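Each chain, written out:
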Amino acid sequence: MNQPHIFTIENTSEMGKPVEVFLNGKKVDHCIYADTKKGKVVFYPQPYKVHKHRKRLISKTLHGNVTVEYKPKR
C-alpha cells in the first residue's frame, strides 16, 4: 500500500489513525495540513486569532523537513 504524503484532518480521520507532525524535528501542534514531499505545514498558532473582516481563523505556513508519525493507541 502506498504511503500518503499529504496529511489533512479529513484524510487522517478516514484512516482512523491519529498522527503527530514534526517540522525540523520539533512537534507542531494544531496542524491542519502537512505535505512531506514539499516540506510544507499549515497550522493555527496559539492563542487563536480571528481575521478582522472575514471572521475566520488566521493560519501560518512553515517550510522545512516534515515528518509524520502515527501515534500509538493507548
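Structure's up top.
Small disclaimer: the values here were computed from a predicted structure and weren't measured.

Engineer: Please provide a residue-by-residue account of the sheet that holds strand β1 (residues 6–8), values included.
Structural biologist: Read from one edge of the open sheet, four strands run β1-β4-β5-β6, paired in antiparallel fashion. The open sheet is flanked by β1 and β6 (60–63), the only strands paired with a single partner. Direction aside, neighbouring strands of the sheet carry axes that sit 10 degrees apart on average.

Engineer: I'd like to hear about the environment of V21, residue by residue, with values.
Structural biologist: Tracing the backbone through its elements, the reader meets V21 in strand β2 (residues 19–23). Residue classification places V21 among the buried residues on the basis of a relative accessible area of 6%. When the C-alpha atoms of V21 and L62 are compared, they prove to be 12 Å apart, with 41 residues separating the residues in sequence. Here V21 is in contact with K26, K27, V28, C31, A34, V41, V66, T67 and V68, once residues within four sequence places are set aside.

Engineer: I'd like to hear about the nonpolar core, residue by residue, with values.
Structural biologist: Counting nine residues, the largest nonpolar core consists of F7, V21, L23, V28, A34, V41, F43, V66 and V68. Sorting the residues of this core by element identifies β2, β5 (40–43) and β7 (66–70) as the ones contributing at least two each. Not counting residues within four places of it along the chain, the set of residues in contact with A34 comprises H5, I6, F7, V21, K40, V66 and V68.

Engineer: Would you mind going over the pattern of salt bridges in detail, with residue names and values included?
Structural biologist: Applying the stated criterion across every chain, the model contains two salt bridges. One salt bridge connects K27 with E20, and the closest N-O pair in it is separated by 3.6 Å. Taking relative accessible area as the criterion, K27 reaches 47% and is therefore assigned partly exposed. For E20, a relative accessible area of 21% translates into the label partly exposed. The salt bridge partner of K27 is D29, with a shortest N-O separation of 3.9 Å. In this structure D29 comes out as partly exposed when scored by relative accessible area, which is 45%.

Engineer: Tell me about the pairing of β5, and please be specific about residues and values.
Structural biologist: Inspection of the sheet shows strand β4 (residues 31–35) paired to β5 by four bridges, in the antiparallel sense. The partner of C31 across the bridge, within β5, is F43. Where β4 folds back on β5, the antiparallel hairpin that results is connected by four residues, among which G39 adopts a positive phi of roughly 75 degrees.

Criteria and cut-off values
- Residues numbered from 1 in each chain as written.
- Predicted model: local features only at pLDDT ≥ 70, side-chain atom pairs only at ≥ 80, totals over all residues.
- Heavy atoms only, no water.
- Pairing = 2+ DSSP bridges.
- Helix = DSSP H or I, 4+ residues; strand = E, 2+ residues; numbered from the N terminus.
- Axes fitted to C-alpha atoms, helices over the stretch in contact; angles between N-to-C directions.
- Buried < 20%, exposed > 50% of the residue type's maximum accessible area, 1.4 Å probe, protein only.
- Contact = heavy atoms within 4.5 Å.
- Core = buried A, V, L, I, M, F, W, Y, C linked by side-chain atoms within 4.5 Å.
- Salt bridge = Lys/Arg side-chain N within 4 Å of Asp/Glu carboxyl O.

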